[in-house]
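Summary of the model geometry
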Amino acid sequence: MKAAILTSPQPVAQRPLKITEVADPELKAGHVLLRVRACGVCRTDLHIVEGELPPRRPGMIPGHQIVGEVVGGATAEIPLGARVGVCWLGGTDGTCSYCLRGLENLCDSPTFTGYSVAGGYAQHALARADFVFPLPASLDDLHAAPLLCAGIIGFRSLRVAGVMPGERVGLFSFGASAHLAIAVLQAWKCDVYVSTRGESHRKLAGSLGATWVGSETEKPPMELDRAITFAPSGDVVIAALASLRKGGVVAINAIHLDRIPQFDYDRLLWGERQIRSVANMTRADARDFLALAAQIGLRSKVTVFSLDQANEALIAVKNDAVDGAAVIVP
Ligand SMILES: [Zn+2]
Ligand SMILES: [Zn+2]
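So, a few notes on the structure that sits alongside this text. Note that the structure is predicted; figures quoted are calculated from it, not measured.

Cut-offs applied
- Residues numbered from 1 in each chain as written.
- Chains lettered and ligands numbered in written order.
- Predicted model: local features only at pLDDT ≥ 70, side-chain atom pairs only at ≥ 80, totals over all residues.
- Heavy atoms only, no water.
- Helix = DSSP H or I, 4+ residues; strand = E, 2+ residues; numbered from the N terminus.
- Rg over C-alpha atoms; globule rule 2.2 N^0.38 Å.
- Buried < 20%, exposed > 50% of the residue type's maximum accessible area, 1.4 Å probe, protein only.
- Donors = N, O, S within 2.8 Å, 3.2 Å for Na, K, Ca; no water.
- Tetrahedral: all angles 85-135°; square planar, octahedral: opposite > 155°, others 65-115°.
- Polar contact = N/O pair within 3.5 Å; in protein donor to acceptor, adjacent residues only side chain to side chain.

Regarding the overall build of the chain
Scanning the chain for helices and strands turns up 10 helices and 17 strands. On C-alpha atoms alone, the chain measures out to a radius of gyration of 19 Å, which is about the 20 Å that the 2.2 N^0.38 rule sets for 330 residues. With the principal axes as the frame, the chain shows a C-alpha extent of 55 × 40 × 40 Å. Taking all 330 residues of the chain together, the buried fraction comes to 54%.

Considerations on the coordination of the zinc ion (ligand 1)
Around the zinc ion (ligand 1), the protein contributes the donor atoms Cys42 (SG), His64 (NE2) and Cys149 (SG), which lie 2.0 to 2.2 Å from the metal centre. By relative accessible area, which is 11% here, Cys42 ends up buried. His64 sits in the buried class, given a relative accessible area of 1%.

A word on unusual backbone geometry
Excluding glycine, residues mostly carry a negative phi; peptide bonds, for their part, are mostly trans. Of note in the backbone geometry, Ser173 takes a positive phi value of approximately 85 degrees without being a glycine. As for its placement among the helices and strands, Ser173 is situated in the loop between strand 10 (168–172) and helix 5 (176–187). One non-glycine residue with positive phi stands out, namely Asp320, at about 55 degrees. Residue position: Asp320 is located in the loop between helix 10 (310–318) and strand 17 (325–329). The partly exposed category is assigned to Asp320, whose relative accessible area is 22%.

Quick look at the coordination of the zinc ion (ligand 2)
Looking at the zinc ion (ligand 2), one finds its protein donor set to be Asp93 (OD), Cys96 (SG), Cys99 (SG) and Cys107 (SG), positioned 2.0 to 2.3 Å from the metal centre. Bound by four donor atoms, the zinc ion (ligand 2) shows angles of 95 to 118 degrees at the metal and therefore tetrahedral coordination geometry. For the zinc ion (ligand 2), the single-chain donor residues occur in sequence as D-x2-C-x2-C-x7-C.

Digging into the environment of Asn280
One can find Asn280 in the loop between strand 15 (274–277) and helix 9 (283–296). Residue classification places Asn280 among the buried positions, given a relative accessible area of 15%. Sequence separation of Asn280 and Ile66 is 214 residues, and the distance between their C-alpha atoms is 16 Å. At 2.9 Å, the side chain of Asn280 and the side chain of Trp88 are in polar contact. Among the polar contacts listed, one links the side chain of Asn280 to the backbone oxygen of Asn105, at a separation of 2.8 Å.

Now the structure itself:
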């Protein structure tokens, strides 16, 4: 099969992914073999390819928002030809103290798709049968792919931030995840305040119904109940914190941050304000979000790349040059 392989992490401008022929994955017990129909591009892929996340194994195939068709290992629940989604959380041990507490997103021995096992920048992929999600027929391949990480983890971020219906919620930076979260917030009748760099991202936020849109350094005109940050930047976290009311929460939807700058506790955190990270996802997050996405007719805005253009897709994500989400069709 054709696949995009990462031999050694490098800045994406140097095109570290090699598009080449490799052996098809071999079907294993408890797994399904998928023909990849589409694979979303996530900022985490960029962190893996550029080495901000340390390599787990050589020759990695990135990609963890896979829409695949079952071509092997079918079961009664997942028949041959079924269309399923594969996410970042590719498996857990089911036995550690976190799994037993229902916190499988924090599992001590997780498997991550496109990081510790091969992902979806390829024509075929292998996935654990108990970690794939049947996709509603109303979601086509291209629009389903970005829901599988950007959507699900964005949804989890809203849960971690404790968003209640009708609240004022800030979204700091407006990429693939935020442009899906805004639709969920609207379904919950929240007012959404967007601070983001890039004129086209600001336009998109406005067209999707944000109450207020400003640049990344601009402070929303109202105190926020909750804020979610999506940029890999500690400065953005502090900007979000500075816009909260007492008791408000900032949820950081980023697997990697450049740093957290020193900040004034008395002014910014006192008053029971909270900063929380958002780590991975649970299968319940995936099921709940995909059901909600189908119910509210969630449509992501997508830009399509071929597998041969995998490096270009990552460059575009890095430069914030994609409105909505990038999707690779192998
Ligand atoms: Zn992701
Ligand atoms: Zn576990």
